[in-house]
Amino acid sequence: MAARGRPRTFDRDAALRRAMEVFWERGYEGVSLADLTTEMGIASPSLYAAFGSKEGLFREAVALYGTLEGGATARALAVQSTARAAIEAMLRDNAAGYTTPGRPTGCMVVLAATNVSPANQGIGDFMAEQRRTAREDVRARIARGVADGDVGPETDVDALAAYVATVLHGLSFEARDGVSCDTLNAIVDRAMVTWDALVAPPSPA
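This one's a predicted model, so the numbers in the text were calculated from it and none came from an experiment.

K.L.:
Is there a simple way to think about the overall build of the protein chain in this case?
P.N.:
A count of helices and strands for the protein chain gives ten helices and zero strands. Each helix (α) and strand (β) of the protein chain, taken in turn from the N terminus, gives the series α-α-α-α-α-α-α-α-α-α. Overall, the protein chain is about 85 × 40 × 35 Å in size when its C-alpha atoms are taken along their principal axes. Taking all 205 residues of the protein chain together, the buried fraction comes to 39%. Excluding contacts between residues fewer than 6 apart, the proportion of contacts in the protein chain whose partners are at least 24 apart in sequence is 67%. A total accessible area of about 10,800 Å² is found for the protein chain, and carbon and sulfur atoms account for 52% of it. Measuring between centres, the 21 positive side-chain charges of the protein chain sit 6 Å from its 26 negative side-chain charges.

Dropping the structure here:
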């Protein structure tokens, strides 16, 4: 009977997590295969055997990031009783996550592939779709607020969701530039003032 090949001699989960951290910190095009194998502690043949390609590794790393880091957003949107409370909790929880010591700053989904070469446009499209999905989650929570009566019925739900997503992405870029969590929370304070103006019901005639 033919041998099935040598078994893996590395921890795939640990290697994937390290790859996620490297992509998160340096971006897709800022990391070479040599960088990845060095950081993951494996040889190139092992990377290809386990993940197929650099792109395959990156896609798995993004999925892992969503599992590990996306919980704050999902929890805030699901648990809070009003749309306002949900959006504020989402922004503050992410501000804290973006500035946690000992790991890369900002959001991997926002920062890891904002500009890509034509050869990697598929990665750019993939990450843009990740951001669109997150924005749609925000939109759905705001729409629920309209249905529940805590968001004004005349509110432009699409525009408000786009505004919230823009604030969230801005927090990520600010964190990457070294802005503190306190300053990010001050930005959230002002964003919520804007929220109140945007969702207020029309004044009586």
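Next comes the rest of the account.
K.L.:
So what exactly am I meant to see when it comes to the pattern of salt bridges here?
P.N.:
Counting across every chain of the model gives 15 salt bridges. One salt bridge connects E21 with R18, and the closest N-O pair in it is separated by 3.0 Å. Taken together, the residues span about one helical turn, with E21 and R18 both in helix 1 (residues 12–26) at a distance of three residues. Given a relative accessible area of 24%, E21 falls into the partly exposed group. Ionic pairing is found between D35 and R26, a salt bridge with its closest N-O pair at 4.0 Å.

K.L.:
Please explain helix 10 (residues 181–199) as it appears in this structure.
P.N.:
Within an α-helix, residues lying three or four positions from one another point in the same direction, as the helix has 3.6 residues per turn. Between its terminal C-alpha atoms helix 10 stretches 26 Å, which fits the 27 Å expected from 19 residues at 1.5 Å a residue. Regarding helix 10, the residues found buried are L184, N185, V188, A191, M192, W195 and V199. Buried positions in helix 10, seen along its axis, are confined to an arc of 110 degrees and lie on one side of it. Those residues of helix 10 that are exposed and aimed more than 90 degrees away from the buried face are D182, R190, V193 and A197. Where helix 10 is buried, its residues touch helix 6 (83–98), helix 8 (121–148) and helix 9 (157–176).

K.L.:
What should I look at first to understand the packing of helix 6 against helix 9 in this one?
P.N.:
Packed helix pairs are characterised by how far apart their axes lie and by the angle those axes make with each other. Taken N-terminus to C-terminus, the directions of helix 6 and helix 9 make an angle of 15 degrees; their axes are 10 Å apart at the nearest point. What the angle tells us is that helix 6 and helix 9 run roughly parallel. Seen from above, helix 6 lies across helix 9 with right-handed handedness. From helix 6, I87, M90, L91, N94 and Y98 reach across to helix 9, where they touch V164, V167, L168, L171, S172 and A175.

K.L.:
Honestly, the packing of aromatic side chains in this entry has me stumped. Any pointers?
P.N.:
The description of two aromatic rings rests on the distance between their centres and on the angle between their planes. In total, this model carries four aromatic pairs according to the counting rule given. Taking the centre distance of 6.0 Å and the plane angle of 15 degrees together, the rings of F23 and Y28 count as stacked. The residues F23 and Y28 share a single accessibility class, namely buried. Ring plane angle 80 degrees and centroid distance 5.0 Å describe the contact between W24 and Y65, whose orientation is recorded as edge-to-face. Linking W24 in helix 1 with Y65 in helix 4 (residues 54–69), this pair joins segments that are 41 residues apart in sequence. Take W24 and Y65: they sit in the same class, and that class is buried. Put simply, the rings of F23, Y28 and F58 pair up and form one aromatic cluster. Cation over ring: K54 sits above Y28, and NZ or CZ is 4.4 Å from the ring centre. Over the face of the ring belonging to F126 we find R59, whose NZ or CZ atom lies 4.3 Å from the ring centre.

K.L.:
Whenever I open this one, the UniProt feature "domain: HTH tetR-type" (unreviewed entry) in the protein chain confuses me. Can you help?
P.N.:
In this numbering, the UniProt entry assigns the feature "domain: HTH tetR-type" (unreviewed entry) to residues 9–69. What you have in residues 9–69 is 77% helix and 0% strand, and the ends, taken at the C-alpha atoms, are 28 Å apart.

K.L.:
Looking at this structure, I do not really get the environment of T114. What am I missing?
P.N.:
You can see T114 is positioned in the loop between helix 7 (108–111) and helix 8. Spatially, the C-alpha atom of T114 lies 9.7 Å from that of D125, the residues being eleven residues apart in sequence.

About the criteria used
- Residues numbered from 1 in each chain as written.
- Predicted model: local features only at pLDDT ≥ 70, side-chain atom pairs only at ≥ 80, totals over all residues.
- Heavy atoms only, no water.
- Helix = DSSP H or I, 4+ residues; strand = E, 2+ residues; numbered from the N terminus.
- Buried < 20%, exposed > 50% of the residue type's maximum accessible area, 1.4 Å probe, protein only.
- Contact = heavy atoms within 4.5 Å.
- Areas by Shrake-Rupley, 256 points an atom, 1.4 Å probe, with all protein chains shown as cover.
- Lys, Arg positive; Asp, Glu negative; His and termini not counted.
- Charge placed at Lys NZ, Arg CZ, Asp CG, Glu CD.
- Salt bridge = Lys/Arg side-chain N within 4 Å of Asp/Glu carboxyl O.
- Expected span 1.5 Å × (residues − 1).
- Arc of directions from axis to C-beta.
- Axes fitted to C-alpha atoms, helices over the stretch in contact; angles between N-to-C directions.
- Parallel < 35°, antiparallel > 145°, perpendicular 65-115°, else oblique.
- Left-handed = near helix turned anticlockwise from the far one by under 90°.
- Phe/Tyr/Trp six-rings, centres within 6.5 Å; stacked < 30°, edge-to-face > 60°.
- Lys NZ or Arg CZ within 6 Å of the ring centre and 35° of its normal.
- UniProt positions renumbered as here; feature names shortened; annotations may be inferred.

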